[in-house]
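Below are the chains, spelled out letter by letter.
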Amino acid sequence: MRPIFILHENEEWVMPLHAEFAQRGVEAQEWFLDQDYVAFDKDPRPGVYYNRMSASSHTRGHRFAPELAKMALTWLEHAGGSQVTVVNGLRALYLETCKLSQYAALQKAGVRTPKTRAVVGREQIVVAAENFAQWPLILKPNRGGKGLGVMKFDDLDALRSFVDSDQYAEPLDGIWLIQQFIQSVEPFITRCEFVGQRFIYAVQVDTTGGFELCPADICAVGDAACPVGETATVATAKFVLSERYHGHSIIGRLETFMRNAGVDVAGIELVEDKYGDVYAYDVNTNTNYNQAAEAAAGGRVTGMGAVADYLIALAR
Ligand SMILES: Nc1ncnc2c1ncn2[C@@H]1O[C@H](COP(=O)(O)OP(=O)(O)O)[C@@H](O)[C@H]1O
Ligand SMILES: [Mg+2]
């Protein structure tokens, strides 16, 4: 069996995956990508390389981790061949850090996405919103993460006063998205999990508490920047496995999207409006799973278990 390498920048998110490997008698290695070098003058070691770089790395002080991951994946994919397998390669990383590209790829696969405009320049935000005619609207960074900086505005005045205020801060890559707000009938979004480009399960996430929706169990208790819940109990009820989209045509379209876009593992967030139209608005190629929700559903399927099985099969 070839070795398995996990490329990442957040130890806590990798621990549940190591536990699944351990249960299967396998030990995976890590490549921690914050600051390091990529020896493009040499060949990489044979192995399966699983990229878990996250768009929110800057919130953990790893400002240039995605840029380093880009170098690493370029090197690994260039080596390629039968000995080096990359899971969630360069194209997945590109989507992870660019929501507009997600929407382009989703639409190509027949998946509905909210009407969106990309804006660079503080003065341009109000200009772009003026004739957008979709109120309320969402303003969010193109390179997102954990819902940080995602805001809803009811009218132009509210948007203008935010843009003119001291609270205004440029997004990481300078790109804002102005987006149609999809009003869901029930107060939740659904996150569909895919491993090896195949649907695993969907989890329903309660949105009444706000916009930051990282399902990682660790965020539920420790991460001050992620108000998923003050206590583990609150967070547990917030994530519930759902059969809502089992057998729904959206699943096949999302699998097509993943095949076309070269994404192997992802959690894709959906919101449904009062007409029953389903919109995809966020693709997380670095996906986390809520273990409490999995356990509450009987524990038959675990996201990280599916990832471990998939990587082991590739390594063999
Ligand atoms: N167009 C939208 N309509 C309704 N709610 C939205 C929309 N975009 C984002 N949200 C809400 O904000 C949350 C965070 O937005 P998202 O695009 O997923 O950003 P991030 O990449 O930071 O997770 C979503 O989970 C959802 O609850
Ligand atoms: Mg999201």
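To be clear, the structure that these remarks concern was listed above.
Residues numbered from 1 in each chain as written. Chains lettered and ligands numbered in written order. Predicted model: local features only at pLDDT ≥ 70, side-chain atom pairs only at ≥ 80, totals over all residues. Heavy atoms only, no water.

Colleague: Honestly, the overall build of the protein in this entry has me stumped. Any pointers?
Modeller: Broken down by element type, the protein carries 11 helices and 13 strands. Taking 20 Å as the expected radius of gyration for a compact globule of 316 residues, we find that the protein reaches 19 Å, a close match to that expectation. Oriented by its inertia axes, the alpha-carbon framework of the protein measures out at about 60 × 45 × 40 Å. Buried positions account for 51% of the 316 residues belonging to the protein. Relative to all contacts within the protein whose residues are 6 or more apart in sequence, the contacts with residues 24 or more apart total 70%. Just so you have it, the protein exposes about 14,200 Å², and 51% of that area is on carbon and sulfur atoms. The average position of the 29 basic charges and that of the 39 acidic charges among the side chains of the protein differ by 6 Å. (Helix = DSSP H or I, 4+ residues; strand = E, 2+ residues; numbered from the N terminus. Rg over C-alpha atoms; globule rule 2.2 N^0.38 Å. Buried < 20%, exposed > 50% of the residue type's maximum accessible area, 1.4 Å probe, protein only. Contact = heavy atoms within 4.5 Å. Areas by Shrake-Rupley, 256 points an atom, 1.4 Å probe, with all protein chains shown as cover. Lys, Arg positive; Asp, Glu negative; His and termini not counted. Charge placed at Lys NZ, Arg CZ, Asp CG, Glu CD.)

Colleague: Even after reading the chapter, I still don't get the packing of aromatic side chains, so can you show me in this structure?
Modeller: Two aromatic rings, taken as a pair, are described by how far apart their centres are and by the angle between their planes. Enumeration according to the criterion identifies six aromatic pairs in this entry. A centroid spacing of 5.6 Å and a plane angle of 35° characterise the contact between F153 and F162, whose relative ring orientation is tilted. In this pair, the class of F153 matches that of F162, namely buried. Look at F162 and you get buried, because its relative accessible area is 12%. Put simply, the rings of F153, F162, Y168 and W176 touch in pairs and so form one group of aromatic residues. Over the ring of Y279 we find R112; its NZ or CZ atom is 5.8 Å from the centre of that ring. Between K152 and the ring centre of F181, over which it is positioned, the NZ or CZ distance is 5.0 Å. (Phe/Tyr/Trp six-rings, centres within 6.5 Å; stacked < 30°, edge-to-face > 60°. Lys NZ or Arg CZ within 6 Å of the ring centre and 35° of its normal.)

Colleague: Any chance you could explain the pairing of strand β6 (residues 137–141) here in plain terms?
Modeller: Along any regular strand, the residues point their side chains to alternate faces of the sheet. Extensive coverage of β6 is indicated by the burial of five of its five residues. Of the two faces of β6, the one lined by L137, L139 and P141 and the one lined by I138 and K140 are each fully buried. Bridge count for β6 against strand β7 (residues 151–153) is three bridges, and the pairing is antiparallel. Within the sheet, the bridge partner assigned to L139 lies in β7 and is M151. In this sheet, strand β8 (residues 175–180) lies alongside β6 in antiparallel orientation, the contact comprising five bridges. Opposite L137, over in β8, you have Q180 as the bridge partner. (Pairing = 2+ DSSP bridges.)

Colleague: Can you walk me through the coordination of the magnesium ion (ligand 2) in this structure?
Modeller: Octahedral metals with six donors have ideal donor angles of 90 or 180 degrees. Tetrahedral metals with four donors have an ideal donor angle of 109.5 degrees. Distances from the magnesium ion (ligand 2) to its protein donors, E269 (OE), E269 (OE) and D282 (OD), fall within 2.0 to 2.7 Å. Here E269, found in strand β12 (residues 265–272), pairs with D282, found in strand β13 (residues 278–284); they are 13 residues apart in sequence, far enough to count as distant. Of the two residues examined, E269 and D282, each falls in the buried class. (Donors = N, O, S within 2.8 Å, 3.2 Å for Na, K, Ca; no water.)

Colleague: Hey, could you run me through the sheet that holds strand β4 (residues 84–87) in this one?
Modeller: What holds strands together in a sheet is hydrogen bonding between their backbones, with the strands either parallel or antiparallel. Within the open sheet, the four strands sit side by side as β2-β1-β3-β4. Their pairing is parallel. Both edges of this open sheet fall to β2 (29–32) and β4, since each of them pairs with a single strand only. Each strand of the sheet is rotated relative to its neighbour by a mean of 25°, with strand direction disregarded. Here strand β1 (residues 4–8) runs beside strand β3 (residues 47–51); their pairing, made up of four bridges, is parallel. Residue pairing for β3: I6 is matched across the bridge by Y50. Contacts from helix α2 (residues 65–79) reach β1, β2, β3 and β4 within the one sheet, and its direction differs from that of β4 by about 135°. Packing against the sheet, helix α11 (residues 303–315) makes contact with β1, β3 and β4, and its axis sits at approximately 150° to β3. (Axes fitted to C-alpha atoms, helices over the stretch in contact; angles between N-to-C directions.)

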